[in-house]
Amino acid sequence: MKHLIILLLLLYTTTGAQSFTIKGKVIDASSNEPLALANISISDIHQGTATNKNGEFTISGLEKNDLSKYLIISYVGYKIKNIRIDKLSAGKLNVIKLKRSILSSQTVLVNGTIGNLRNTPASFSKIKREDIDENYITQDLPEYLSYLPSTTFYSESGNGIGYNYLSIRGFDQRRISVSVNGIPQNDPEDHNVYWLDMPDLLESTEMIQVQRGAGSGSIGYPAIGGSINIITSSFSYRPMFNLSSTFGSFNTRKYEASFSSGLIKNKYSVYTKLSKTLSSGYRNSSWVNFNSFHVSAVRYDKKLTTQINIYGGPISDGLAYNGLPKFTIKNKKMRRENLSYWEAGNNNYTFKILRRPSEIENFSQPHFEILNDLKLNDNVTFNSALFLVIGKGFFDYDGSWTVYYDDYFRLKANGIDSTANPANALIRAQVENTQWGWIPRISIKHKNGNLILGGEFRKHKSLHWGSINFAEGLPVGVTKDYKYYSFNGGKDILNFYANENWDLDRKINLLAEIGRAHV
């Protein structure tokens, strides 16, 4: 969103004196409200001021030789504007257009990978906050992004809320690098992305970049299908409190409350959001109950920006992971069925088993981030991201088929005598995981481009186990506490890379990346 800041300047010379004074007023043209504490300074001299609560300022004692200097206007959240003093007209309204910039804390680890139109040698699309405000309601990210070129999605529940899967140029999301604030989101064990564990993330998103096809990854290693880079935390520069509710098809509802402190002492800002999304789902028993929270706090120092993000939310839903036969597509009633098993005859079912209402999921996976942006000088910036992700939950699913493949739930393998054939089983699969890491990066601007040197250290551990919630024909003494399988997973990742974006001339740009990863 572009904001206009109107600066009223009166330039005059006092009678019989060699000095002059600049007076002005800074306001936000979108709301006509004054911008208090905007920084006003003169280049090359230690003279400046800040606007008062009415957005007004005065700078006195300037000499004629100061006419070639620049008036520098800066305000958090806007790009700095430099105006040569002799270009200002006395008694004339000087209008300055300032483009809103992403807060420096939000560029941590992603600034070097944000493409520029006609400059970055990759095919990409950008989605800004104003686009999200216009188009987002309750849908998950895969559906929202599916309107971009060469991007498709499918939804297990049928209404874009819950388990959704994204493809770019035919490559599924396991072959797409997904990051939030530069932090990888692909599961280290199966490389999939579980969007429902980040419910209502779009409501707290500032910008999204989608790169199509092979190219540079957002933290140094490439992905064949492309990459998705999500930048969160839509800070407001004025205090804000908002309550909203949304209602839609299939008994879909969303309730939300958000709060922003605005800028406190021109140094701090806090943003919080709570929301709840409910839906009965398009397919039978594919309901969702998603709770979402997002808390961000940022501190701005002269050269250092520090931000803390905590987001996630406990979710529960009814499972709907089996597909349907082709002949149901044109039948509105049949295509809403949610089956755990079916056999098809001539354009009809010969045998089908409906999914039980007890086949559900509960999971929670909060994310914790500490992001730092240190400006060493005008050309060198150091970024750091420390992160922790903790996941825990279960899904209960129909396991009747497992008796043919799991040696009667491994009862015999575990020394339990079973003469019966257990059937009609409901399996509880428990998943617990912990992932933490550090991603440093240094960005160096040089004459013809930008060089990024970075690395990643990530450690992942998990626990998986399964128990038999219910089954017919189980031996006496086999309870829900019996774990018929249990195993640990783990992955350590160490990665270093160098990325160079070099302008050969005004028409030719080269992007090169080299890296080494140990997994």
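Anything mentioned here points back to the structure above.
We now turn to the structure provided with this report. Every value quoted in this text rests on a predicted model; they were computed, and no experiment measured them. (Residues numbered from 1 in each chain as written. Predicted model: local features only at pLDDT ≥ 70, side-chain atom pairs only at ≥ 80, totals over all residues. Heavy atoms only, no water.)

We now examine the sheet that holds strand β14 (residues 171-172). Strand order in this open sheet of three strands is β12-β13-β14, and the pairing throughout is antiparallel. Each edge of the open sheet carries a strand with a single partner, namely β12 (151-155) and β14. (Pairing = 2+ DSSP bridges. Helix = DSSP H or I, 4+ residues; strand = E, 2+ residues; numbered from the N terminus.)

Tracing the backbone shows asparagine 52 in the loop between β6 (48-50) and β7 (56-62). Under the relative-accessibility criterion, asparagine 52 is labelled partly exposed at 34%. In this structure the C-alpha to C-alpha distance between asparagine 52 and alanine 36, which are 16 residues apart in sequence, comes to 5.3 Å. Separated by 2.8 Å, the side chain of asparagine 52 and the backbone nitrogen of asparagine 54 make a polar contact. Only 2.9 Å separates the side chain of asparagine 52 from the backbone nitrogen of glutamate 56, close enough to count as a polar contact. (Buried < 20%, exposed > 50% of the residue type's maximum accessible area, 1.4 Å probe, protein only. Polar contact = N/O pair within 3.5 Å; in protein donor to acceptor, adjacent residues only side chain to side chain.)

Tracing the backbone through its elements, the reader meets asparagine 450 in strand β31 (residues 449-472). In this view, asparagine 450 contacts Ser443, Ile444, Lys445, Asn499, Glu500 and Asn501; residues no more than four positions away in its chain are not counted. (Contact = heavy atoms within 4.5 Å.)

Let's shift gears to the sheet that holds strand β11 (residues 123-128). Judged by pairing direction, the sheet is mixed, and its five strands sit side by side in the order β11-β17-β18-β15-β16 without closing on themselves. At either margin of the open sheet sits one strand with a lone partner, and together these are β11 and β16 (183-184). Here strand β15 (residues 176-180) pairs with strand β18 (residues 226-232) via five bridges, running parallel. Looking at β18, one finds that valine 180 is bridged to isoleucine 230.

On to the pairing of β31, then. Of the pairings in the sheet, the one linking strand β30 (residues 423-446) to β31 comprises 20 bridges and is antiparallel in character. Of the residues in β31, the one forming a bridge with tryptophan 436 is lysine 459. Hairpin connection of β30 to β31: two residues between the antiparallel strands. In this structure, β31 lies alongside strand β32 (residues 483-503), joined through 19 bridges in antiparallel fashion. Considered in β32, the bridge of phenylalanine 457 is made with leucine 494.

Counted according to the given criterion, the structure contains ten aromatic pairs. On the basis of an interplanar angle of 90° and a centroid distance of 5.2 Å, the ring pair of tyrosine 484 and tyrosine 485 is categorised as edge-to-face. As far as burial versus exposure is concerned, tyrosine 484 and tyrosine 485 are alike and both buried. Here the aromatic cluster, defined as three or more aromatic residues joined through ring pairs, consists of Phe327, Trp342 and Tyr349. The ring of tyrosine 282 has arginine 336 lying over it, and the distance from NZ or CZ to the ring centre is 5.0 Å. A cation over a ring is seen here: arginine 428 above phenylalanine 394, with NZ or CZ 3.6 Å from the ring centre. (Phe/Tyr/Trp six-rings, centres within 6.5 Å; stacked < 30°, edge-to-face > 60°. Lys NZ or Arg CZ within 6 Å of the ring centre and 35° of its normal.)

Residues Leu141, Leu145, Trp195, Ile208, Ile228 and Ile230 are the most contacted members of the largest nonpolar core, which totals 22 residues. If you list the elements that add at least two residues to this core, you get α2 (141-145), β13 (164-168), β15, β17 (205-212) and β18. Those residues in contact with isoleucine 208 that lie beyond four places of it in its chain are Ser125, Lys126, Ile127, Leu141, Leu145, Leu202, Ile228, Asn229 and Ile230. By size, the runner-up hydrophobic cluster in this structure holds 16 residues, among which are Phe20, Leu71, Ile73 and Ile83. (Core = buried A, V, L, I, M, F, W, Y, C linked by side-chain atoms within 4.5 Å.)

On to unusual backbone geometry, then. Here the phi dihedral of serine 150 falls at roughly 60°; this positive angle occurs in a residue that is not glycine. Judged by its relative accessible area of 43%, serine 150 is partly exposed. Phi at phenylalanine 250 takes a positive value of approximately 60°, unusual for a residue other than glycine. Assignment of secondary structure puts phenylalanine 250 in the loop between β19 (240-248) and β20 (252-260). According to the relative accessible area criterion, phenylalanine 250 is partly exposed, its value standing at 33%.

Keep in mind these values describe shape, not function.
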